[in-house]
Amino acid sequence: MARNEWINGYLEAILDAGSSTRKNNDGKQTKMAKFQDNISNKVLKEEKLFSPTKYFVEEVINSFDESDLHRTWVKVIATRNTRERSNRLENMCWRIWHLARKKKQIAWDDARRLAKRRLEREQGRNDAANDLSELSEGEKEKPDSNMKDISRINSVSDTQVWFDDNDNSSNPNNLYIVLISMHGLVRGDNMELGRDSDTGGQVKYVVELARALANTKGIHRVDLLTRQITSPEVDSSYGEPIEMLSCPSHASGSSGAYIIRIPCGPRDKYIAKESLWPHIPEFVDGALNHVVSMARALGDQLNAAKPIWPYVIHGHYADAGEVAAHLSGALNVPMVLTGHSLGRNKFEQLLKQGRLSREDINATYKIMRRIEGEELGLDAAEMVVTSTRQEIEEQWGLYDGFDLKLERKLRVRRRRGVSCLGRYMPRMVVIPPGMDFSYVTTQDSIENDGDLKSLLGSDRAQSKRHLPPIWSEIMRFFTNPHKPTILALSRPDPKKNVTTLLKAFGECQHLRELANLTLILGNRDDIEEMSNSSSVVLTTVLKLIDKYDLYGQVAYPKHHKQSDVPEIYRLAAKTKGVFINPALVEPFGLTLIEAAAYGLPVVATKNGGPVDILKVLNNGLLVDPHDQNAISDALLKLVADKNLWAECRKNGLRNIHRFSWPEHCRNYLSHVEHCRNRHPTSRLEIMTIPEEPMSDSLRDVDISLRFSIEGDIKLNGEMDAATRQKKLIEAITQMASSNSNTSITYSPGRRQMLFVIAADCYDNNGEITETFQEIIKNVMKATGVSIGLGKVGFVLVTGSSLRETMQALSCCPVNIEDFDALVCNSGSEMYYPWRDMVADMDYEAHMEYRWPGENVRSMAMRLARTDDGAEDDITEYLAACSSRCYSYSIKPGAKTRRLDDLRQRLRMRGFRCNLVYTRAASRLNVVPLFASRIQALRYLSIRWGIDLSKVVLFVGERGDTDHEDLLGGLHKTLVLKGNCVLCGSEKLLRSEENFKREDAVPQDNPNINSVETYEAQNIAGALDALGIK
C-alpha cells in the first residue's frame, strides 16, 4: 500500500476539512499550518490559506472528469450530518483510488502497445529505406543538393499554369468536381452549426468550398454529396434530393454548385457519424449511380455524348474518405482527401488521459473503424490537403500509410525518373481553408473612432433600437460597454481552454480596468441538459465569474445565430478590442482569419495552426495556453498599446487576401493538376447496347415486345395482327442468319438484372465442393421460374483462378456460355464466355493503379509468416499466379498473420495492395488495391448500364475474407444457409483489438434475405420476398 499513501493524505485532509476550514463568528477562516507533502507532489507553503475541500474537488475529481463523482460531491457537501458526510467522503476516496489504479493499468497497457507499434513501424521504414538506398546510374549522376530542399508548388506560378496552359480537356470550362461530406446536417443557408458534434466547421467549410470552386474559371459543375435525412427530428430541407448552392452569372444548363443528398442507412433517423460506418457501401453505390448519370448528362450537353468524368473526387473526413476511395477505384478518377480531424490522434489522446480503456474507446467512438477508413483514404489518395505543417508531421505521421521521410525520398526518385520499386506515399500539401468575405463591408476595413458614443449617444435607451440585436444582447452584461472587448468564440469544450482565459482575466486587475470580456460559447437553453463536457465547462465559467466578481465585465449570452457572428466581430472591432483563441491545441484556427477580416488583432495558442496563420498575417501574439500570466500579458499589451493595436489591425487587413476562397481554389486546382496522373476518359467507357442475339431474344418473347421494323402501318400507327406476326418471324429469322459471330454482336447490356453467384463453397481442405455446382443449377432454375432467363444475366465471382473455376464448371449441368462474365482471383481478372473467354484488358488497366508488381511478390510471403513460423508454412502457388495476382499456398495448421496485421506491415513499407484469404484460409491472394469482387461488379454496372439495385448476390453464411464487402450496398443479397459453405476464412480477417463485424455490416438490412437451404423452390420464394419478379 506504499504507492497508495496519497489516498490516505486526501482522506485525512477531507475528513479534517470541517475543523480546518470552519469559519469563526466574524466570518474569517482559520489558517492551516501544513498539508501533507505527498499530495500529487504539490508544494504547499506554510502559513498559507488552504482549503483541502476545494483542492480535492479541483485537482482530483475534476481531473478525472467523472460527472457522477461531481454529482456525488455536490450531495456530500450538502449533507449536514457529520457522520454520514464522513462516510460518503471515505467511499468517494476509495472510488477514486480504484479509478487511479485502472488509469495506471490502461497507461501501462497503452505504453506496451505503442512501443510494439513503434518497433514495427521502424522496421517497416528501415526495410523500405534499405530497398531504396541502392541508386541507379541515372540517379547517381544527379547532384545531392536536390535532396536538401524539396520545394512546394508555388501558388502564383502554378495559378498561371492552371489558367493559361490547362489542357485537361478540349474545353477547359467543362470540368466536373465531386466533393463528399457524409455526416452532419448539410445545407446552403441557415446552417445549424453547433447543433450537434457532427454539424460544425466542416459543414461550413465544404459548402463554401463548393460555392467557391463553382465560381472559379474552368469549373462547370461542383456536386457536394451528403446523406439524405428524412427524419422528423430535423428540418425537411435535409430530405430534399437536390439543393442549388450557386449558379454563376456566366453559367448555363446544369452548371453551378449543388448539394446532392444520397439515401443511406435508416431513412427515418438522423444518426451520429459513429453509426454510419456499416452504411458506407450503400452510400458508395448511390453516389456511383449519381456520378455516372451526371457524367453522361454533361457529356450529352457539352462533349459530343462522351461522358465527362469528374476531374477529382474529394473526400472530407474519414467516412467520406473511404467513400471517395471506392468511387475513385470504380471510376479510375484521382482522389483527394482532407482529414479535418484524425482518429489516430484522438485515440492516442484518449489513451493518455487514462479514463477509458481501449475497448471502451472503440465501443464509444468506433475509433478503429475510423482509423481504417483513414488508412484506406491514404492508400487511394493522390493528394492530402492539410491546414498546417503541424498536421502533417504530428498527426498524419502517426499513420501506417504515411511517413514524411519516405514520401520525400519517393518524390525525389520520381522527379529523377528513378523507379520507386512499387512504393507509394500520398502527397501532403498545406492549403489553408478559405473564408467568405461577402459579409465584410468597406466600413470594416477602414479606420474608425473605435468607440460606441456615436452609436449610443447620450440617451442609450433611445438609440438602442438602432443597434444590431446581438449588440444589445451582449452590451446588457456590461457596466461600461465603451471599453475594448476581448472576444472568445468557440464551443464549450474543455480543449478550448476558456476557463484558463477567464482566470487570466479575473486575476489581472489592470486588464479588468481596461477591457470587457465577451464569451460566445455556442447556444444553450438549460446547462443541465447539455453534454457532460459542455455542462462542466459552462458551470465552471459561471463559478469563476462569481469567484472573481466579474459581473458587469463579462458577457456570456445564451443564444446567437450564425448570421450574428459578423456583427459580434464588428462590435469587438468598434471598441478597439482583441480576439483570442486560447485552445490547448488548435488544428487550424479559422476564427483567427475571420477576426482578422474585421480588423481585430489576435492572441492565439502557440500549439498548432495559429503559428502558420500569424506568420502570414502578422497581426497578433502567440502564447502558451497553459500560462495564465502569458495570456493576460499578451491581452494587456494589445489593449493598452494603441500603436501596436493599429499596426496589427493594418497587417491583418493587408494580408487577409491570402486566406480568401479564390486564392484557396487557385492553390487547390494547381496542386490537383500537379498530382493528377490518371486520365479516366481514355479507359472507362460505357458500352453501347446492340441488339440481342436470337437465342436470348427467344428465351422470353413477350407480346408487348415491339420491333422497330418497316412494314404496313395502320392510320393509328399500329400494325394489324397478321402483319405483326409476319414481321416478327422475319425479324427473328434475319437475326439468326446474321448472328454467325456472336462474340462481335452480343453484349449483355440489354439485361434487366444481374444475378451474381459469390458462394465460396470449400471444404476444410480448401477444395471446391459439389455444393458449388448445385447452387449454380438451382439459382438458374429458380430464375427461370420466377423471372425468365432472357431478362437476367449471370456472373460468377470467386477467389479461385480461371483454371480452377473452369474445372469446377466442367462438372456443372449448365453451359459456361450461360455466364455473362467470370471474375476470378478475388476480383483481379475478368473473362467473358461470350467472347471465347477473352480477358477484359480494359478492366486490368482500370484496376492496376499502384500495383507494385514483382516488388511485393517475395515481401508479401515473408511478412505473412509469423515470427515463429516455419519457412515452408507459406509458399508461392504458381499455378494460380498471374500478372495481377500473386497466390500463396498455406500449409495446413500453419500460423499466418491476420489480414489487418499483414496489410499494416505492407503499408508501413509503402506497398498498397488488397489482400484476401480464400479457399478456407488455405490460400492468400495479393491483388491490386482497387481489385475486389465488389469493385468488379461496380465496374460491370457502369460498363453495361445496369443499376446496382438490379443486382442480386448469392452468398453463403461465411466465405473468403472479403465476404463482408459483399453484404452491403444497393444490391440485393440472398444468404444461403445450411451446409452451403463448410469452411470460411473469416478467422484470419482481423484481430480482436480491431473493429467488430457490426461496424462493417448493416444490421436489419431490408436488402438482405436468407434461406435455410439452397433448393430452387426456396431460392425462388426468397427472391419473391425481396421483391424480385
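Residues numbered from 1 in each chain as written. Predicted model: local features only at pLDDT ≥ 70, side-chain atom pairs only at ≥ 80, totals over all residues. Heavy atoms only, no water.

- Looking up the protein in an unreviewed UniProt entry gives the name Sucrose-phosphate synthase, with the organism given as Corchorus olitorius.
- In its Sequence similarities (unreviewed entry) section, the UniProt record describing the protein reads: "Belongs to the glycosyltransferase 1 family." (UniProt positions renumbered as here; feature names shortened; annotations may be inferred.)

## Some details on the side chain of Arg570
Phase 1: Looking at where Arg570 falls in the secondary structure, it is placed in helix H23 (residues 565-574).
Phase 2: Engagement of the side chain of Arg570 in a polar contact is seen with the side chain of Glu567, the distance being 3.1 Å. (Helix = DSSP H or I, 4+ residues; strand = E, 2+ residues; numbered from the N terminus. Polar contact = N/O pair within 3.5 Å; in protein donor to acceptor, adjacent residues only side chain to side chain.)

## Overview of the side chain of Arg907
Phase 1: Structurally, Arg907 can be placed in helix H36 (residues 899-908).
Phase 2: Overall, the relative accessible area of 4% leaves Arg907 in the buried class.
Phase 3: Among the polar contacts listed, one links the side chain of Arg907 to the side chain of Asp379, at a separation of 2.8 Å. (Buried < 20%, exposed > 50% of the residue type's maximum accessible area, 1.4 Å probe, protein only.)

## Here's the deal with the packing of helix H8 (residues 201-214) against helix H28 (residues 661-675)
Phase 1: Interhelical geometry of H8 versus H28 gives an angle of 80 degrees and a closest axis separation of 10 Å. Judged on the interaxial angle alone, H28 and H8 are roughly perpendicular. Note on element contacts: H28 touches H8 through Trp661, His664, Cys665, Tyr668 and Leu669, opposite Tyr205, Glu208, Leu209, Ala212 and Leu213.
Phase 2: Partitioned by chemical class, the residues of the contact of H8 with H28 number eight nonpolar, one polar and one charged. (Axes fitted to C-alpha atoms, helices over the stretch in contact; angles between N-to-C directions. Parallel < 35°, antiparallel > 145°, perpendicular 65-115°, else oblique. Contact = heavy atoms within 4.5 Å. Nonpolar A, V, L, I, M, F, W, Y, C, P; charged D, E, K, R; others polar.)

## Considerations on the sheet that holds strand S18 (residues 829-832)
Phase 1: Ordered by their spatial adjacency, eight strands build an open sheet running S19-S18-S17-S16-S15-S24-S25-S26, and the pairing between neighbours is mixed. The outermost strands of the open sheet, each flanked by one partner alone, are strand S19 (838-839) and strand S26 (1008-1011).
Phase 2: Across three bridges, strand S17 (residues 821-824) lies against S18 in antiparallel orientation. Directly across from Val823, in S18, lies its bridge partner Met830.
Phase 3: Its contacts with the sheet place helix H33 (residues 802-809) against strand S16 (792-797), S17 and S18, and it is angled at close to 130 degrees to S17. (Pairing = 2+ DSSP bridges.)

## Section: the packing of aromatic side chains
To describe a pair of aromatic rings, one takes the distance between the centres and the angle between the planes.
Phase 1: Following the criterion strictly, the structure yields twelve aromatic pairs and no others.
Phase 2: Centroid distance Trp851 to Tyr886: 5.3 Å. Interplanar angle 35 degrees. Geometry classified as tilted. In this pair, Trp851 sits in the loop between helix H34 (841-846) and helix H35 (857-864) while Tyr886 sits in strand S21 (residues 886-890), placing the two residues 35 residues apart along the sequence.
Phase 3: Cluster of aromatic residues (ring-pair linked, three or more members): Tyr569, Phe579 and Tyr598.
Phase 4: It is Arg221 that lies over the ring of Tyr258; its NZ or CZ is 4.1 Å from the centre.
Phase 5: Positioned above the aromatic ring of Phe995 is the side chain of Arg369, whose terminal nitrogen or guanidinium carbon lies 5.3 Å from the ring centre. (Phe/Tyr/Trp six-rings, centres within 6.5 Å; stacked < 30°, edge-to-face > 60°. Lys NZ or Arg CZ within 6 Å of the ring centre and 35° of its normal.)

## Details of a negative patch on the surface
Phase 1: On the surface, a cluster of negative charge is made up of Asp525, Asp526, Glu528 and Glu529.
Phase 2: Here Asp526 shows up in the loop between strand S10 (516-520) and helix H22 (532-547). (Patch = residues over 30% accessible without salt bridge, like charges linked within 9 Å, V, L, I, M, F, W, Y side chains within 5 Å. Areas by Shrake-Rupley, 256 points an atom, 1.4 Å probe, with all protein chains shown as cover. Salt bridge = Lys/Arg side-chain N within 4 Å of Asp/Glu carboxyl O. Lys, Arg positive; Asp, Glu negative; His and termini not counted. Charge placed at Lys NZ, Arg CZ, Asp CG, Glu CD.)

## Notes on H33
Phase 1: For H33, every residue scored as buried is listed here: Glu804, Thr805, Ala808 and Leu809. Angular distribution of buried residues about the axis of H33 spans 130 degrees; they occupy a single face of the element. (Arc of directions from axis to C-beta.)

## Some points on the environment of Leu989
Phase 1: Structurally, Leu989 can be placed in the loop between strand S25 (972-976) and S26.
Phase 2: Considering only alpha carbons, one finds Leu989 and Asp900, 89 residues apart in sequence, at a separation of 6.7 Å.
Phase 3: Among all residues touching Leu989, those that are not within four sequence positions of it are Leu899, Asp900, Thr961 and Glu964.

## Some thoughts on the packing of helix H26 (residues 628-640) against helix H27 (residues 642-655)
Phase 1: With their axes 5 Å apart at the nearest point, H26 and H27 run at an angle of 90 degrees to one another. Relative to H27, the element H26 is oriented roughly perpendicular. Listed contacts from H27 to Lys637, Leu638, Val639 and Ala640 of H26 are Lys642, Leu644, Trp645 and Cys648.
Phase 2: Residue composition of the contact of H26 with H27, grouped by class: six nonpolar, no polar and two charged.

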